[in-house]
Amino acid sequence: MENSEKLKEKIKKLGPGIITGGAGDDPAGILTYTIVGATTGFSQLWLMLLSTPMMIAVQDTAAKLALITGKSLPEILNMYYSKKLTYFVVLSLATANILTIGADLNAIATIFEIITGIKSIYFLIPVTFLIAYLVMFKAYKTVKKVLIGLTSLLAVYIISAILAKPDLKQIIIGTLIPHIQPDLVFVLAALGLLGTTISPYMIFWQASEEKEEHATVAQARVMTTDTAIGMIYSNVIAYAIIVSSAVMLFGHKEIQTIADAALTLKPVAGEYAFLLFSMGVIIAGFLAIPVLAGSSAYAVADTFGWREGIDYKISDAKGFYLVFLGSLLVGDLIDLSPVSAVDALYYSQIFDGILLPVLSGLLFVLGNNKKILGQHVNKKFNKIFLGITFLTSLSATIYMFYSLIL
């Protein structure tokens, strides 16, 4: 009985890692994984597998920094490094977030346009303000329950991957044997995969949420478990999307519209594939967009020492909520550009991939700083996979720019 009560308490403490993992499979993530499968087949499944411990190391380090110090990443950078570095990191984060917010909102609005025949621009403001209302006028605990509940609905992609009847031999080869193809399409897909799997906003959001949870150092093991569960769940979904997309689209169809990407779910939904895909994208968007805007709001507020947190009323944290709402509204402007929803979703994640060497390198340094973490500095697992994250993303970024210049 006593053990049962302890288990219940541990389950109650789970949240930030699972929310963060679920938010990783946002509309931009779904589309990016679909394009990865459609353009490279099973050849990047090994990178998807490798990205799981990479993702855990990155998120666990970010969460641990917040848990041990009681401060967010911008606050830590302000305290131990220079404000110029903090401004650069936070500006990069805000830029990446706004691009992804715009792409995600664009995807949701485009789906409503396809369904209703009414131009997408007319859905932008209602969707934006519905998301803003959910966060700004509901208590954090309520939002947390909603977000965790929504993550379970993404599991439909696992069913689709199974029903697609992929070649198991090819999957095993693609998963266990690294394959590198020296061309721009492959490298862009790899950067997009890394950028959407280990997104900048996820790093800042989880660190801020661990701080807001008011957890203690004694709860570090629960935090690590929460992080691992969230990241593994996120990547299982991503893996399934790539597999299903590789079977249905690789060598058959180029993804040019949102509707094309829906074919990934044809094995499980048949003629209702677009309807199911639409539900997935809309749900994923409502899950991820508050996290995107929230991570920017936390980062900016902490940089300038403003009061922050979604438990506060708007009147008590005006700067925080101004950045939150501003991020959503600026993101809306992307839908007014001539960029297609598919390109906006995909290339926003490639931009995240370009930022990954900076953030993973920064976490590697912070995670090994005894002045900050004392005896809780990173162990071998985090050190190794943070190093792999840095080297892999840096190599892909350098090769991409090299290919573009030549």
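K.L.:
Please set out the overall build of the protein residue by residue, giving values where relevant.
P.N.:
Within the protein, the secondary structure is distributed over 20 helices and 0 strands. Counting all 406 residues of the protein, 57% fall into the buried class. Within the protein, counting contacts between residues at least 6 apart in sequence, those at least 24 apart form 83% of the total. Put simply, the protein shows about 17,300 Å² of open surface, and 68% of that area lies on carbon and sulfur atoms.

K.L.:
Please give an account of helix α3 (residues 27–40) that cites residues and values.
P.N.:
Helix length check: α3 (14 residues) gives 20 Å between terminal C-alpha atoms against 20 Å at 1.5 Å per residue, within 8%. Most of α3 sits out of view: 13 of its 14 residues are buried. Within two residues after α3, glycine 41 carries a phi angle of roughly 65°, on the positive side.

K.L.:
Before we move on, could you go through the packing of aromatic side chains and cite the residues and values that matter?
P.N.:
Each pair of aromatic rings is reported with the distance of its centres and the angle of its planes. Enumeration according to the criterion identifies 8 aromatic pairs in this entry. Judged by centre distance (4.9 Å) and plane angle (45°), the rings of phenylalanine 381 and phenylalanine 385 are tilted. Pair noted here: phenylalanine 381 and phenylalanine 385 are both in helix α20 (residues 380–405), with a separation of 4 residues, about one helical turn. Given the relative accessible area of 39%, phenylalanine 381 is considered partly exposed. Three or more aromatic residues joined by ring pairs form one cluster here, namely Tyr87, Phe304 and Trp306.

K.L.:
Talk me through empty space enclosed by the protein; I want residue IDs and the actual numbers.
P.N.:
A complete count under the given rule lists 2 cavities of 30 Å³ or more for this structure. Size it by volume and the largest cavity reaches roughly 60 Å³. Lining the largest cavity we find Leu73, Leu77, Val89, Ile203, Phe204, Leu359, Leu362, Leu363 and Leu366. Put simply, the parts of the chain that give the lining of the largest cavity at least two residues each are α5 (73–80), α12 (200–212) and α18 (341–367). Sort the elements by how many residues they give to the lining of the largest cavity and α18 lands first, with 4 residues. Of the residues assigned to the lining of the largest cavity, the class counts are 9 nonpolar, no polar and no charged. What the second largest cavity holds in volume is close to 50 Å³.

K.L.:
Describe the side chain of threonine 61, naming the residues involved and giving the relevant values.
P.N.:
Relative to the helices and strands, threonine 61 is located in helix α4 (residues 45–69). Aside from chain neighbours lying at most four places away, what touches threonine 61 is Leu363, Gly367, Asn378, Asn382 and Leu386.

K.L.:
Can you lay out the environment of leucine 134 for me, pointing to particular residues and giving the numbers?
P.N.:
Relative to the assigned elements, leucine 134 resides in helix α7 (residues 121–136). The exposure class of leucine 134 is partly exposed, given its relative accessible area of 22%. Separated by 156 residues in sequence, leucine 134 and proline 290 place their C-alpha atoms 8.7 Å apart.

Reading guide: rules and limits
- Residues numbered from 1 in each chain as written.
- Predicted model: local features only at pLDDT ≥ 70, side-chain atom pairs only at ≥ 80, totals over all residues.
- Heavy atoms only, no water.
- Helix = DSSP H or I, 4+ residues; strand = E, 2+ residues; numbered from the N terminus.
- Buried < 20%, exposed > 50% of the residue type's maximum accessible area, 1.4 Å probe, protein only.
- Contact = heavy atoms within 4.5 Å.
- Areas by Shrake-Rupley, 256 points an atom, 1.4 Å probe, with all protein chains shown as cover.
- Expected span 1.5 Å × (residues − 1).
- Phe/Tyr/Trp six-rings, centres within 6.5 Å; stacked < 30°, edge-to-face > 60°.
- 1 Å grid on protein atoms, 1.4 Å probe; cavity = no way out; pocket = protein on both sides within 12 Å on 5 of 7 lines; lining within 4 Å.
- Points joined across faces, edges and corners; volume = space filled by probe spheres on them.
- Nonpolar A, V, L, I, M, F, W, Y, C, P; charged D, E, K, R; others polar.

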